[in-house]
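Here are the chains, one letter per residue:
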Amino acid sequence: RFLRVAVFVRPSLPATRPATQRQTEPKHSQPIQRPETMPLVVITGGLGCGKSTVLETLRDLGLRTADADTIVHALYRRGESTWRMMVARWGGGILDSQQEIKRQAVADIVFQNPTERLWLEGITHPKVRERILTLEQQEPSPLYVAIPLYDEAGWELPAARIVCVWCTPSLQRQRLRQRGWDDQE
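Now for a description of the structure that goes with this document. (Residues numbered from 1 in each chain as written. Predicted model: local features only at pLDDT ≥ 70, side-chain atom pairs only at ≥ 80, totals over all residues. Heavy atoms only, no water.)

## Some thoughts on the overall build of the protein chain
Of regular secondary structure, the protein chain possesses 7 helices and 5 strands. What you see in the protein chain, going N to C, is helices and strands ordered as β-α-β-α-β-α-α-α-α-β-β-α. Evaluated residue by residue, the protein chain yields a buried proportion of 34% over its 185 residues. Partitioning the contacts of the protein chain with sequence separation of at least 6, the portion at a separation of at least 24 is 68%. Put simply, the protein chain shows about 11,800 Å² of open surface, and 53% of that area lies on carbon and sulfur atoms. (Helix = DSSP H or I, 4+ residues; strand = E, 2+ residues; numbered from the N terminus. Buried < 20%, exposed > 50% of the residue type's maximum accessible area, 1.4 Å probe, protein only. Contact = heavy atoms within 4.5 Å. Areas by Shrake-Rupley, 256 points an atom, 1.4 Å probe, with all protein chains shown as cover.)

## Points about the pairing of strand β4 (residues 143-146)
Every second residue of β4 is oriented toward a common face, with Leu143 and Val145 on one face and Tyr144 and Ala146 on the other, all of them buried. Here strand β2 (residues 40-44) runs beside β4; their pairing, made up of 4 bridges, is parallel. Note that in β4 the partner of Ile43 across the bridge is Ala146. Two strands pair when backbone bridges link them, and strand β3 (residues 64-67) and β4 are joined in this way by 4 bridges, in the parallel orientation. Directly across from Arg64, in β4, lies its bridge partner Leu143. (Pairing = 2+ DSSP bridges.)

Okay, structure coming up:
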């Protein structure tokens with residue numbers, strides 16, 4: 001399997017500022033100070049482009065990995081606060097016979113209505129971000145995290161590097177068909 005990977009490097013944040021700036025700026029405007037031993041590397045790309053394949057390869061090499069989609073799926077578990085908010089907003093029609101969230105039902109709602117998509121992102125993205133930052137701090141080694149559509153969704157994480165995964169449109173369609181998507185989706 002062949003993947004083309006383009007790496008976009010974002011400049012590092014300054015570790016310190018001149019004393020004159022530190023005295024006049026409010027505390028919240030100071031940059032996040034990050035030890036060089038714990039970089040966060042974001043792996044992003046469109047649906048079906050190979051983020052999971054890259055993450056699996058990194059995991060096989062013994063590197064620490066996390067997947068934003070997996071974190072979201074955990075938030076959707078029955079009884080979680082996100083689950084309760086979703087059911088309160090959209091009703092029992094989004095639940096299967098085991099009272100678990102039917103992701104296709106949610107996709108049907110949020111992809112047809114931008115207001116609903118923004119609402120869902122508003123309750124899930126902060127929790128996913130918090131979980132990623134918690135995972136990052138657990139060990140002094142890099143954390144490679146897959147986040148679909150990182151730029152498009154407006155994510156802001158203190159990433160040392162952003163890796164964008166790309167594949168040909170035909171391979172992307174093939175992968176999405178294997179997941180049960182049709183060409184209209």
